[in-house]
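Spelled out, the chains give:
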Amino acid sequence: MKKVGLFFGSFNPIHIGHLILSNYILENTDLEEIWFVVSPQNPFKSKANLLDEYNRLEMVNLAVQSYSKLKASDIEFSLPRPSYTIDTLTYLHEKYPDHGFCLIMGEDNLESLPKWKNYEQLIANHELIVYPRVFAEKKNTDQYLQDVNIHLVKAPIVELSATEIRDMIKAGKNVRPMLPPEVFEYLEGSNFYK
């Protein structure tokens with residue numbers, strides 16, 4: 001059974017923090033691949049500043065093309081919206097019965113887990129790999145970290161924010177060091193986020 005980590009996100013845009021984190025997790029866990037699951041719409045986020053899903057998918061494809069174990073996934077594009085992680089996992093298990101899926105999430109998401117649809121089922125049936133976040137207030141996460149399916153990885157903390165990157169692009173500032181070169185080139189030739 002192939003063990004795949006699922007990194008859900010808007011990736012609006014994908015940045016080097018996502019790649020550094022994913023590479024670290026691949027090198028320091030038993031995962032064989034990581035799939036970046038581009039979310040058409042996160043139930044907890046506003047759609048106002050969201051670039052079209054196909055543009056975001058294209059940026060993820062460009063960002064991961066040099067990494068054989070990183071993949072872009074549009075699996076949620078064909079599912080009902082808003083997308084709920086538990087429904088996506090059910091669909092993935094049906095589509096890829098020979099794969100084992102585990103979730104990759106920031107410590108800040110762990111805290112909001114009780115707001116997720118069927119979160120108890122999620123924890124009971126899936127491994128969660130949790131990476132640290134500087135801005136995560138560690139209020140209620142300790143109870144989850146006792147769970148056998150939840151693993152905290154001491155990944156490097158790269159606090160890049162896609163919101164901050166979008167704001168910098170809009171202000172005409174240089175974001176080249178924050179983005180994979182292919183993504184920077186893609187955005188450079190467009191009016192996205194301007």
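Remember, predicted model here, so these are calculated numbers, not experimental data. (Residues numbered from 1 in each chain as written. Predicted model: local features only at pLDDT ≥ 70, side-chain atom pairs only at ≥ 80, totals over all residues. Heavy atoms only, no water.)

Q: Before we move on, could you go through the pattern of salt bridges and cite the residues and values that matter?
A: Under the defined criterion, the tally for this structure stands at six salt bridges. Among the salt bridges present, the one from E127 reaches K3, with a minimum N-O distance of 2.8 Å. Of the two residues, E127 sits in strand β5 (residues 127–131) while K3 sits in strand β1 (residues 2–9), which places them 124 residues apart along the sequence. Each of K3, D30 and E127 takes part in salt bridges that share partners, so that together they form one network. (Salt bridge = Lys/Arg side-chain N within 4 Å of Asp/Glu carboxyl O. Helix = DSSP H or I, 4+ residues; strand = E, 2+ residues; numbered from the N terminus.)

Q: Describe the packing of aromatic side chains, and please don't skip the residues or the numbers.
A: Inspection of every chain in the model, using the stated rule, returns nine aromatic pairs. Between W35 and Y96, the ring centres sit 5.2 Å apart and the planes meet at 70°, which makes this aromatic pair edge-to-face. A residue pair is termed long-range when its members are at least 10 positions apart, and W35 in strand β2 (residues 33–38) and Y96 in the loop between α3 (85–95) and β4 (99–106) qualify at 61 residues. The class of W35 is buried, set by a relative accessible area of 9%. Judged by relative accessible area, Y96 falls into the partly exposed class, the value being 25%. Considering the side-chain rings of W35 and F101, the 5.5 Å spacing of their centres and the 65° angle between planes classify their relative orientation as edge-to-face. In this pair, W35 sits in strand β2 while F101 sits in strand β4, placing the two residues 66 residues apart along the sequence. For the pair W35 and F101, one class covers both residues: buried. Each residue in the set F7, F11, F36 and Y131 is aromatic and connected to the rest through ring pairs, giving one cluster. (Phe/Tyr/Trp six-rings, centres within 6.5 Å; stacked < 30°, edge-to-face > 60°. Buried < 20%, exposed > 50% of the residue type's maximum accessible area, 1.4 Å probe, protein only.)

Keep in mind these values describe shape, not function.
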